[in-house]
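Commentary on secondary and tertiary structure
The lines below spell out each chain.
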Amino acid sequence: MPPRYADGMKLILKWLLSAAALLAVAYIYSGVSVASFGAAMIAALVIGLLNMLVRPILVVLTIPVTILTLGLFLFVINALMFWAASGVLSGFHVNGFVAALIGSLLYSALGVAIDAVLK
């Protein structure tokens, strides 16, 4: 396959694995619930879009706080993106900010594992 098809297949595979990771987070932690694999796919897409479009703006706007907290505020931003996705979707629910923080940490850890496998 030409490289552009391989990149597209890799992106689709990452999306499917991210949806599976979201289901795993819901299975591991009761503060996050996902209705179905289809809902997980949509939620993974929305989380990805929020991380691509909104997160960089928040990171730039909160540079002073991030510096004061030695980078720990980035966990708060990740949790906000996770929680925002649950607020937009009906098949994906997070039970508050603490649940979003724990869920986003688990989801990020699984995302790192997915990236390592796909490299």
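Use the structure listed above.
Below is a short write-up of the structure. Predicted model only: the values in this text are computed from it and were never measured. (Residues numbered from 1 in each chain as written. Predicted model: local features only at pLDDT ≥ 70, side-chain atom pairs only at ≥ 80, totals over all residues. Heavy atoms only, no water.)

Before going further, it helps to examine the overall build of the chain. Secondary structure summary: the chain contains 6 helices and 2 strands in total. In sequence order, the chain lays out its α and β elements as α-β-α-α-α-α-β-α. Principal axes of the C-alpha set define a box for the chain whose edges measure 50 × 30 × 25 Å. Counting all 119 residues of the chain, 29% fall into the buried class. Long-range pairs, those at least 24 residues apart, make up 60% of the contacts in the chain between residues at least 6 apart in sequence. Total accessible area computed for the chain in this model is approximately 7200 Å², and 77% of it derives from carbon and sulfur atoms. (Helix = DSSP H or I, 4+ residues; strand = E, 2+ residues; numbered from the N terminus. Buried < 20%, exposed > 50% of the residue type's maximum accessible area, 1.4 Å probe, protein only. Contact = heavy atoms within 4.5 Å. Areas by Shrake-Rupley, 256 points an atom, 1.4 Å probe, with all protein chains shown as cover.)

Once that is clear, we can look at the environment of V60. With respect to the element layout, V60 can be found in helix α3 (residues 55–61). With relative accessibility at 54%, the residue V60 sits in the exposed group. In the structure, V60 is positioned 56 residues away from A116 in sequence and 27 Å away in space, judged by C-alpha atoms.

Quick look at the packing of helix α5 (residues 73–88) against helix α6 (residues 97–118) now. Look at α5 against α6: their axes get within 8 Å of each other, and the N-to-C directions meet at 100 degrees. On the basis of their axis angle, the class for α5 and α6 is roughly perpendicular. Across the interface between the two elements, F75, V76, N78, A79, L80, F82 and W83 from α5 touch F97, A100, L101, G103, S104, L105 and Y107 from α6. Looking at the contact of α5 with α6 residue by residue, the classes come out as 11 nonpolar, 3 polar and no charged. (Axes fitted to C-alpha atoms, helices over the stretch in contact; angles between N-to-C directions. Parallel < 35°, antiparallel > 145°, perpendicular 65-115°, else oblique. Nonpolar A, V, L, I, M, F, W, Y, C, P; charged D, E, K, R; others polar.)

Before going further, it helps to spend a moment on the side chain of T66. The residue T66 is located in helix α4 (residues 63–68) in this model. A polar contact is formed between the side chain of T66 and the backbone oxygen of T62, at a distance of 2.9 Å. The contact partners of T66, leaving out residues within four places of it in the chain, are G71, F73 and L74. (Polar contact = N/O pair within 3.5 Å; in protein donor to acceptor, adjacent residues only side chain to side chain.)

Before going further, it helps to examine the side chain of S86. Relative to the assigned elements, S86 resides in helix α5. Here S86 falls in the buried class, since its relative accessible area comes to 9%. Setting aside anything within four residues of it in sequence, one finds S86 in contact with F92, H93 and V94.

Here the focus is α6. With 22 residues, α6 should reach 32 Å at 1.5 Å per residue; the first-to-last C-alpha distance of 31 Å fits that figure. For α6, the set of buried residues is A99, A100, G103, S104, Y107, I114 and L118. All buried residues of α6 project into a common sector of 115 degrees when viewed along the axis, lining one side. Opposite the buried face of α6, at more than 90 degrees from it, the exposed residues are V98, V112 and A116. (Expected span 1.5 Å × (residues − 1). Arc of directions from axis to C-beta.)

In this structure, L22, F82, F92 and Y107 are the most contacted members of the largest nonpolar core, which totals 26 residues. Going through the elements one at a time, α1 (3–28), β1 (32–34), α2 (37–53), α5, β2 (92–94) and α6 are the ones with two or more residues in this core. Here this core takes 7 residues from α2, the largest share from any one element. (Core = buried A, V, L, I, M, F, W, Y, C linked by side-chain atoms within 4.5 Å.)

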